[in-house]
Amino acid sequence: MGSLTERVAKGIKRRLDFSDKARIKRILKDPPAVRKDSIVFVSSDDYTGNPKALFLYMIEHGYNRKYKITWLFEKRENYFEFNITNVRSVYMWADVQEGEQRTYESFKAVMTAKYVFYSHNVNWVKHFGEDQTFIDLWHGCGYKGDLRSDKRRIYYDYLMVTGKKYIDIFRDVLKDPDGNILDLGYPRNEFLFSTRSNAGAVLDELKKKAGADKAVIWMPTYRKSTVSRLDTDTAIGDTGLPVIYNADAMKALDDVCRESGVIIIVKQHLLQQDYAVSPDELSNIIFLSDKELKERDADLYELMGQTDALLTDYSSVAIDYMLVDKPLGYTLDDFDRYEDARGWSFDNVKEYMPGHHIYTQDDLHRFVRDISAGSDPYRHRRAEIIDDVQTYRDGFSKRILEYFGI
């Protein structure tokens with residue numbers, strides 16, 4: 001039967017379980033009053049992306065003197081308390097006897113907020129008060145088609161995209177022909193021009209250690225996802241990376257980088273399974289994780305903005321990187337496989353990839369040497385298409401807040 005302490009603990013958990021469920025049931029049936037001075041933020045992987053960027057802008061400009069702000073945290077390891085006036089943290093999960101459940105406090109925070117900003121979804125609430133505004137800042141406008149089933153609806157009052165080309169695309173993808181899709185841009189893109197974190201110091205350290213003058217950041221989209229429903233599994237070789245299929249190819253690329261005075265920083269996608277590589281054997285190819293960036297207080301987008309070029313594929317970061325007007329390389333060796341697995345968000349997709357189109361190791365080596373030489377043959381092409389995919393160049397946070405009268 002277990003000790004008295006264990007039985008009491010289980011009883012407390014059951015009571016908490018029942019209490020939270022009962023209170024959530026009541027609050028859904030009889031919604032509380034909305035507080036006009038209340039704002040809630042939620043983001044993927046907690047305190048990241050567009051919500052984080054907008055929040056920091058608001059704090060730096062004193063919005064927390066007028067509004068009470070709540071951050072909802074999904075993961076216990078990411079949770080922390082803010083030492084900022086009128087800002088609080090709420091953990092979204094309660095321990096119960098069998099697993100976890102969302103807390104009453106998280107439901108109450110969302111349902112009483114005048115504005116709810118998020119980057120992916122708040123489907124678990126499924127309630128929109130007439131006096132509330134749910135704003136999906138979203139997490140990227142790129143090239144990939146959509147994998148969501150018809151049953152996975154995205155709930156929002158307004159959803160943000162970067163440029164006018166994406167308005168109809170998102171209305172079609174979200175099956176919402178009259179949806180409020182706004183091309184006001186992404187707050188995180190302001191970080192491309194920022195120096196508030198340690199990103200510059202980290203980049204200088206990595207270049208100095210390798211004796212390199214130039215830095216390329218490589219941000220592949222996921223091929224083998226940690227989330228089964230999103231898995232495309234288009235990886236061709238042994239490493240999990242595009243173009244570089246084995247250890248010999250990795251060593252050859254490292255040699256080219258060393259000879260050219262270039263480092264490549266590989267930033268693994270949050271959903272990508274670990275790459276099968278041995279980074280200790282490499283001098284000029286460096287693997288950097290989100291965890292390492294967080295530990296060093298180095299913002300990813302600040303790091304991107306200070307690099308000399310971006311190497312990617314079908315990821316939305318290419319659309320964002322066009323704002324800094326630096327060279328782009330696209331690995332397209334699995335283009336046909338990706339097209340079969342996921343498709344594209346629009347027709348003639350390669351026409352919106354203004355950079356080196358890389359299919360082979362030789363193509364990749366050529367890209368590295370061009371970066372080393374300062375060659376930028378596709379700059380004119382970036383200028384031709386950027387207005388389609390980025391309506392604005394700066395001021396994203398201010399523009400969004402002004403639009404909603406905050």
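Anything mentioned here points back to the structure above.
In this text, all values refer to a predicted model and were calculated from it rather than measured experimentally.

A. Broad picture of the overall build of the protein chain. Helix and strand counts for the protein chain stand at 13 helices and 15 strands. A buried classification covers 55% of the 406 residues belonging to the protein chain. Counting only contacts in the protein chain whose residues sit at least 6 apart along the sequence, the fraction spanning at least 24 positions is 66%. Accessible surface for the protein chain amounts to roughly 19,200 Å². Of this, 46% is attributable to carbon and sulfur atoms.

B. Layout of the pairing of strand E3 (residues 87-91). Counting buried positions over the five residues of E3 gives four, a clear majority of the element. Bridge count between strand E2 (residues 68-73) and E3: five bridges; the pairing is parallel. When the bridges of E3 are listed, Trp71 appears paired with Ser89.

C. Layout of the packing of helix H2 (residues 49-60) against helix H13 (residues 396-403). It is at 10 Å that the axes of H2 and H13 come closest, and there the two elements cross at 80 degrees. Our classification of the angle between H2 and H13 gives roughly perpendicular. Here Ala53, Leu54, Tyr57 and Met58 of H2 come into contact with H13, specifically with Ser397, Lys398 and Leu401. Residue composition of the contact of H2 with H13, by class: five nonpolar, one polar and one charged.

D. Geometry of the packing of aromatic side chains. Within the structure shown, the criterion is met by 32 aromatic pairs. When the centroid spacing of 5.0 Å and the interplanar angle of 75 degrees are considered together, the rings of Tyr158 and Phe404 count as edge-to-face. Placement of the pair is Tyr158 in strand E8 (residues 158-160) and Phe404 in the segment after H13, with a sequence separation of 246 residues. Residue class for Tyr158 comes out partly exposed when judged on its relative accessible area of 23%. Taken together through their ring pairs, the aromatic side chains of Phe41, Tyr47, Phe55, Trp71, Phe73, Tyr79, Phe80, Phe82, Tyr91 and Phe117 make up a single cluster. Across the ring face of Tyr392, the terminal group of Arg399 is positioned such that the distance to the ring centre comes to 3.7 Å.

E. Representation of the sheet that holds strand E13 (residues 309-312). Taken in spatial order, the six strands make up an open sheet running E12-E11-E10-E13-E14-E15, and their pairing is parallel. Strands at the two margins of the open sheet, each flanked by one partner only, are strand E12 (285-288) and strand E15 (356-358). Across this sheet, the average inter-strand angle for adjacent strands is 20 degrees, counted without regard to direction. Both strand E14 (residues 328-331) and E15 contribute to a ladder of three bridges, which runs parallel. Counted as the bridge partner of Thr331 is Ile358 from E15. Across the sheet, helix H11 (residues 361-373) lies against strand E10 (214-218), strand E11 (262-267), E13, E14 and E15, angled at about 150 degrees from E15, the strand it touches most.

F. Summary view of the side chain of His356. Within the secondary structure, His356 sits in strand E15. His356 gets classed as buried once you look at its relative accessible area, which sits at 9%. Setting aside chain neighbours within four positions, we find His356 in contact with Leu328, Gly329, Tyr330, Phe367, Asp370, Pro377 and Tyr378.

G. Layout of the layout of surface pockets. By volume, the second largest pocket amounts to about 330 Å³. Along the walls of the second largest pocket sit 14 residues, with Leu206, Lys209, Ser283, Ile286 and Phe287 positioned nearest its centre. Those elements that place two or more of their residues in the lining of the second largest pocket are helix H5 (199-210) and E12. Its residues assigned to classes, the lining of the second largest pocket shows eight nonpolar, one polar and five charged.

H. Focus on the environment of Leu288. Tracing the chain through its elements places Leu288 in strand E12. As a C-alpha pair, Leu288 and Gln268 span 20 residues in sequence and 7.0 Å in three-dimensional space. Apart from the residues lying within four places of it in its own chain, the contact partners of Leu288 are Ile265, Val266, Lys267, Gln268, Leu293 and Leu303.

I. Broad picture of the nonpolar core. In terms of nonpolar packing, the biggest core is built from 106 residues, with Phe55, Phe117, Tyr143, Phe170 and Ile406 touching the most fellow members. Here the element with the most residues in this core is H2; it accounts for seven residues. Those residues in contact with Phe55 that lie beyond four places of it in its chain are Phe41, Tyr47, Ile69, Trp71, Phe82, Ile84 and Val87. Val216, Trp218, Ile244 and Val368 belong to the second-largest nonpolar core, a separate cluster that totals 23 residues.

J. A look at unusual backbone geometry. Despite not being glycine, Asn86 has its phi angle at roughly 65 degrees, a positive value. Tracing the sequence through the fold places Asn86 in the loop between E2 and E3. Even without glycine at this site, Asp325 takes up a positive phi of about 55 degrees. On the secondary structure map, Asp325 appears in the loop between helix H9 (317-321) and E14. Given a relative accessible area of 31%, Asp325 falls into the partly exposed group.

Parameters and conventions
- Residues numbered from 1 in each chain as written.
- Predicted model: local features only at pLDDT ≥ 70, side-chain atom pairs only at ≥ 80, totals over all residues.
- Heavy atoms only, no water.
- Helix = DSSP H or I, 4+ residues; strand = E, 2+ residues; numbered from the N terminus.
- Buried < 20%, exposed > 50% of the residue type's maximum accessible area, 1.4 Å probe, protein only.
- Contact = heavy atoms within 4.5 Å.
- Areas by Shrake-Rupley, 256 points an atom, 1.4 Å probe, with all protein chains shown as cover.
- Pairing = 2+ DSSP bridges.
- Axes fitted to C-alpha atoms, helices over the stretch in contact; angles between N-to-C directions.
- Parallel < 35°, antiparallel > 145°, perpendicular 65-115°, else oblique.
- Nonpolar A, V, L, I, M, F, W, Y, C, P; charged D, E, K, R; others polar.
- Phe/Tyr/Trp six-rings, centres within 6.5 Å; stacked < 30°, edge-to-face > 60°.
- Lys NZ or Arg CZ within 6 Å of the ring centre and 35° of its normal.
- 1 Å grid on protein atoms, 1.4 Å probe; cavity = no way out; pocket = protein on both sides within 12 Å on 5 of 7 lines; lining within 4 Å.
- Points joined across faces, edges and corners; volume = space filled by probe spheres on them.
- Core = buried A, V, L, I, M, F, W, Y, C linked by side-chain atoms within 4.5 Å.

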